[in-house]
Amino acid sequence: MPSPTWHIHMPPPNDFPHSLGLPVIPARLLFNRGIRDRESSRAFLCPNKRDSHDPFLLPDMDAAVTRLVKAFTRGETIGVFGDFDADGLTATAILVKALEELKVSVIPYLPDRTVEGHGLNTLAVGALRGQGISLMITVDCGSSDVEEIELASTLGIDTIVTDHHVLPQFQPRVIALINPSRKDSKYPYNDLTGAGLSYKLVEALWRFLGKDAPEHLMELAAIGTIADVGPLQGENRYLVRRGIEHLNHTTNPGLKSLITRAGLKLGQIDSEALSFSLIPRINATGRLASASISLSLLTAPSAEVAEPIADELERYNDTRRLISRKAIDQATS
C-alpha cells in the first residue's frame, strides 16, 4: 500500500488570531475554511436572523404565493410531489404541515425508488389528478421535468416548482419556478437544499398572510439540509442552528417517537445525532419499502399515531444495518 501524501494548509498570518479576537487554534481552523475577517467569523460561529434572506428575492416567489392564496380562496386541493430521500421527505413534510395548519386540503405524493425513480413522472401526475388536485407543488425536483409538467397542464393542473438542482437548457412552463440557480435570481444565497427552499416558500406565504414565520418547521429544514450535505455556511448554517434548537424542544409527535427509538434525549441533539441516528432511520423506508412511511411519521398528528410508525421505521433501520454489515463483510473478505 502506498504511503499517504499529506497536503498541509498554509498557516495564517501571525496577527490573524488577534484580528478575530480568538485563540490561535480556532483562528487557524477558521482560516483553513476560507474565513478571513471578524464579520465572517461572527457569521460562522454565531449565525442569526441576519443570515436569513427575504424569500421574495427568490425568482417567481410572488407568483407562487399569489397562486397559493387563490387556491385557498377557491377551496382547491393541492398536491405536493417530493422525493424519497431525507431532503425530499422533509421538504414535503414542511409543506404538508404548513398547509394543514391553514386548513387546506393537501395530498402528498412520494415516488417509489424502484418503480418510478427520481423526479416527477406521468404515473404520479395521473394519480394526483385522479385525487382531485388542481395545483401541484414539486419539492427538491421539477426543474427538468418538462414533459411531465406539460402533461399536468393538459389535465388542468397548475404547477409550482421548488428545486435547487442545476437547471437544464429548457425549463418547464409553470406558474412559478423557484430555483436560486436561475440566472435571473436576485437571491444572495445559492446553496439552500430542497427542505430549505420549501421552508422559504412557507415563510413567504406566512408573511403575505400577515403571520409570523412558523419557525418550528425549521427542525425539518435542518434535518433535510444535513441529510443532503448542504454546506453549513450562510443561511444553511442559520437554518440548521435554529432548527436544532427547535428540535431539542420539539412537540412533533413523530420526531419525538423517532428520537426515543434512536436512544437520544431532547436537549442533547446535535448535527452528529442527526447524521448518524435520525437521518438513517428516515431514509431506511425509502430504500427498503416506501418513503411514505417516513412521511407519515413526520406528519403524524399524535403520539398514538406516531408510535407504531416509529416502531416500523426502527425495524426497517435494523434491516438496513444488517444489509450494510453483510455488504461490508463481503467486500472485505
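Look above for the structure.
Residues numbered from 1 in each chain as written. Predicted model: local features only at pLDDT ≥ 70, side-chain atom pairs only at ≥ 80, totals over all residues. Heavy atoms only, no water.

1. As for the overall build of the protein chain
Stage number 1. Summing up its helical and strand segments, the protein chain has 14 helices and five strands in all.
Stage number 2. Relative to a compact globule of 333 residues, whose C-alpha radius of gyration would be 20 Å, the protein chain shows 21 Å and is just as compact.
Stage number 3. Oriented by its inertia axes, the alpha-carbon framework of the protein chain measures out at about 65 × 50 × 40 Å.
Stage number 4. Considering only intrachain contacts with a sequence separation of at least 6, the fraction spanning at least 24 residues in the protein chain is 63%.
Stage number 5. For the protein chain, the exposed area adds up to about 16100 Å²; of that, 54% sits on carbon and sulfur atoms. (Helix = DSSP H or I, 4+ residues; strand = E, 2+ residues; numbered from the N terminus. Rg over C-alpha atoms; globule rule 2.2 N^0.38 Å. Contact = heavy atoms within 4.5 Å. Areas by Shrake-Rupley, 256 points an atom, 1.4 Å probe, with all protein chains shown as cover.)

2. Observations regarding the pattern of salt bridges
Stage number 1. Inspection of the entire model under this criterion finds 18 salt bridges.
Stage number 2. When the shortest N-O distance is used, the salt bridge between Arg-242 and Glu-245 registers 2.4 Å. On the criterion of helical spacing, the pair formed by Arg-242 and Glu-245 is a turn pair, its members being three residues apart in helix H10 (residues 234-247).
Stage number 3. Classification of Arg-242 as partly exposed rests on a relative accessible area of 23%.
Stage number 4. Judged by relative accessible area, which is 32%, Glu-245 ranks as partly exposed.
Stage number 5. Across the pair Arg-281 and Glu-314 runs a salt bridge whose closest N-O atoms are separated by 2.8 Å. One end of the pair, Arg-281, is in helix H12 (residues 271-288); the other, Glu-314, is in helix H14 (residues 303-332), and 33 residues separate them in sequence.
Stage number 6. Classification of Arg-281 as buried rests on a relative accessible area of 7%.
Stage number 7. Using a relative accessible area of 15% as the deciding quantity, one classes Glu-314 as buried.
Stage number 8. Ionic contacts of the salt-bridge type, sharing partners, join the residues Lys-49, Lys-200, Glu-203 and Glu-235 into one network. (Salt bridge = Lys/Arg side-chain N within 4 Å of Asp/Glu carboxyl O. Buried < 20%, exposed > 50% of the residue type's maximum accessible area, 1.4 Å probe, protein only.)

3. Quick word on the packing of helix H5 (residues 86-101) against helix H9 (residues 218-227)
Stage number 1. In the contact formed by H5 and H9, the axes pass within 8 Å of each other and the chain directions differ by 165 degrees. The pairing of H5 with H9 is recorded here as roughly antiparallel in orientation. The hand of the H5/H9 crossing is left-handed. Where H5 approaches H9, its residues Ala-86, Asp-87, Thr-90, Ala-93, Ile-94 and Lys-97 are matched on the opposing element by Leu-220, Ala-221, Ile-223, Gly-224 and Ala-227. (Axes fitted to C-alpha atoms, helices over the stretch in contact; angles between N-to-C directions. Parallel < 35°, antiparallel > 145°, perpendicular 65-115°, else oblique. Left-handed = near helix turned anticlockwise from the far one by under 90°.)

4. Here's the deal with the pairing of strand E1 (residues 77-81)
Stage number 1. Here E1 lies mainly inside the structure; five of its five residues are buried.
Stage number 2. Residues Thr-77, Gly-79 and Phe-81 of E1 are buried on one face, and the alternating residues Ile-78 and Val-80, pointing to the opposite face, are buried as well.
Stage number 3. One ladder, built from five bridges, connects E1 with strand E3 (residues 133-139); its direction is parallel. When the bridges of E3 are listed, Ile-78 appears paired with Leu-135.
Stage number 4. Judged from the four bridges that link them, E1 and strand E2 (residues 106-109) form a sheet pairing that is parallel. Across the sheet, Ile-78 pairs through a bridge with Val-106, a residue of E2.
Stage number 5. On the question of chirality, the crossover connecting E1 to the parallel E2 by way of H5 is right-handed. (Pairing = 2+ DSSP bridges. Right-handed = clockwise from strand over helix to strand, strands pointing away.)

5. Examining unusual backbone geometry
Stage number 1. One non-glycine residue, Asp-60, adopts positive backbone phi at about 70 degrees.
Stage number 2. On the secondary structure map, Asp-60 appears in the loop between helix H3 (38-45) and helix H4 (61-74).
Stage number 3. Using a relative accessible area of 29% as the deciding quantity, one classes Asp-60 as partly exposed.
Stage number 4. Backbone geometry at Val-229 places phi at a positive 55 degrees, although glycine is not the residue there.
Stage number 5. Within the secondary structure, Val-229 sits in the loop between H9 and H10.
Stage number 6. Look at Val-229 and you get exposed, because its relative accessible area is 68%.

6. Some details on the environment of Pro-308
Stage number 1. For Pro-308, the position within the fold is in helix H14.
Stage number 2. Taking the C-alpha atoms as reference points, Pro-308 and Leu-297, separated by eleven residues in sequence, lie 9.2 Å from one another.

7. Topic: the nonpolar core
Stage number 1. The biggest cluster of nonpolar side chains holds 71 residues, and the ones touching the most others in it are Ile-178 and Leu-274.
Stage number 2. Looking at this core element by element, the count peaks at nine residues for H5.
Stage number 3. Judged by nonpolar contacts, the second largest core, of 16 residues, contains Phe-81, Ile-107, Met-136 and Ile-149. (Core = buried A, V, L, I, M, F, W, Y, C linked by side-chain atoms within 4.5 Å.)

8. Quick word on the sheet that holds strand E4 (residues 158-162)
Stage number 1. Pairing is parallel in the open sheet, where five strands are placed in the order E2-E1-E3-E4-E5. This sheet does not close on itself; its edge strands, each paired only once, are E2 and strand E5 (176-178). Shown here is a sheet whose adjacent strand axes are inclined to one another by a mean of 20 degrees, direction ignored.
Stage number 2. For E3 and E4, the ladder comprises five bridges, and the chain directions are parallel. The residue of E4 that forms the bridge with Leu-135 is Asp-158.
Stage number 3. In the packing of H4 onto the sheet, the strands contacted are E1, E3, E4 and E5, and the crossing angle to E3 comes to about 145 degrees.
Stage number 4. Contacts from helix H6 (residues 122-130) reach E1, E2 and E3, with the element oriented near 160 degrees to E2.

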